[in-house]
Amino acid sequence: QVQLVESGGGLVQAGGSLRLSCAASGRTFSNYVMGWLRQAPGKEREFVAAVSGSGGSTDYGDSVRGRFTISRDNAKKTVYLQMNSLKPEDTAVYYCAADVTFRRVVDGRISSWGQGTQVTVSS
């Protein structure tokens, strides 16, 4: 497992941008698929994005595709989520996640979670 710490959340107006970061500890960061999931109050957890260990493959949830970009820097053991054209419905706690396959990250069957960072988009 890896330990994950998110940062970069905050309050932004609709149409604005934020970049989330997730710093990982451990020696095998590049072995993990990294992802972001989110959960809004009263709603189920939702898959946002995932990136392969090499960074060469990505996947996105339908609600964010075309607006969000996931990337990683294996030398810095950090994964990023660039969020553009934010909407009020993007308001949620965003969690960084790590596991060994895309499927497990997309399905939320994840072995390592961060503590979460709040993103609030005002209308």
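The structure we're discussing is the one just above.
Residues numbered from 1 in each chain as written. Predicted model: local features only at pLDDT ≥ 70, side-chain atom pairs only at ≥ 80, totals over all residues. Heavy atoms only, no water.

K.L.:
Talk me through the overall build of the protein; I want residue IDs and the actual numbers.
P.N.:
When helices and strands are tallied, the protein shows one helix and 11 strands. When its helices and strands are written in sequence order, the protein yields β-β-β-β-β-β-β-β-β-α-β-β. Expected size for 123 residues packed as a compact globule is a radius of gyration near 14 Å; at 13 Å, the protein falls within 12% of this value. Across its three principal axes, the protein shows a C-alpha extent of roughly 40 × 25 × 25 Å. Counting over 123 residues, the protein shows a buried share of 45%. For the protein, the share of sequence-separated contacts (at least 6 apart) that also reach a separation of at least 24 residues comes to 57%. For the protein, the accessible surface area stands at approximately 6100 Å², while carbon and sulfur atoms represent 46% of it. Distance between charge centroids for the protein: 5 Å, based on 14 positive and 10 negative side chains. (Helix = DSSP H or I, 4+ residues; strand = E, 2+ residues; numbered from the N terminus. Rg over C-alpha atoms; globule rule 2.2 N^0.38 Å. Buried < 20%, exposed > 50% of the residue type's maximum accessible area, 1.4 Å probe, protein only. Contact = heavy atoms within 4.5 Å. Areas by Shrake-Rupley, 256 points an atom, 1.4 Å probe, with all protein chains shown as cover. Lys, Arg positive; Asp, Glu negative; His and termini not counted. Charge placed at Lys NZ, Arg CZ, Asp CG, Glu CD.)

K.L.:
Break down the state of the cysteines for me, with residues and values.
P.N.:
Summed over all chains, the structure comprises one disulfide. Residue Cys22 pairs covalently with Cys96 via a disulfide, S to S 2.1 Å. Taking the sign of the S-S torsion, about -85° here, the bridge from Cys22 to Cys96 comes out left-handed. In this pair, Cys22 sits in strand β3 (residues 18–25) while Cys96 sits in strand β9 (residues 92–99), placing the two residues 74 residues apart along the sequence. Judged on exposure class, the residue Cys22 and its partner Cys96 are both buried. (Disulfide = S-S within 2.5 Å.)

K.L.:
Summarise the packing of aromatic side chains; cite the residues concerned and give the values.
P.N.:
This model, assessed by the stated rule, comprises one aromatic pair. Seen from their ring centres, Tyr95 and Trp113 are 6.0 Å apart, and the 90° between their planes marks the pair as edge-to-face. Of this pair, Tyr95 sits in strand β9 while Trp113 sits in strand β10 (residues 112–113), placing them 18 residues apart in sequence. Overall, Tyr95 belongs to the partly exposed group, its relative accessible area being 22%. Owing to a relative accessible area of 30%, Trp113 belongs among the partly exposed residues under this scheme. One residue, Arg72, lies across the ring of Phe29, its end atom 4.4 Å from the ring centre. (Phe/Tyr/Trp six-rings, centres within 6.5 Å; stacked < 30°, edge-to-face > 60°. Lys NZ or Arg CZ within 6 Å of the ring centre and 35° of its normal.)

Limitation: the analysis is restricted to geometry and does not speak to function.
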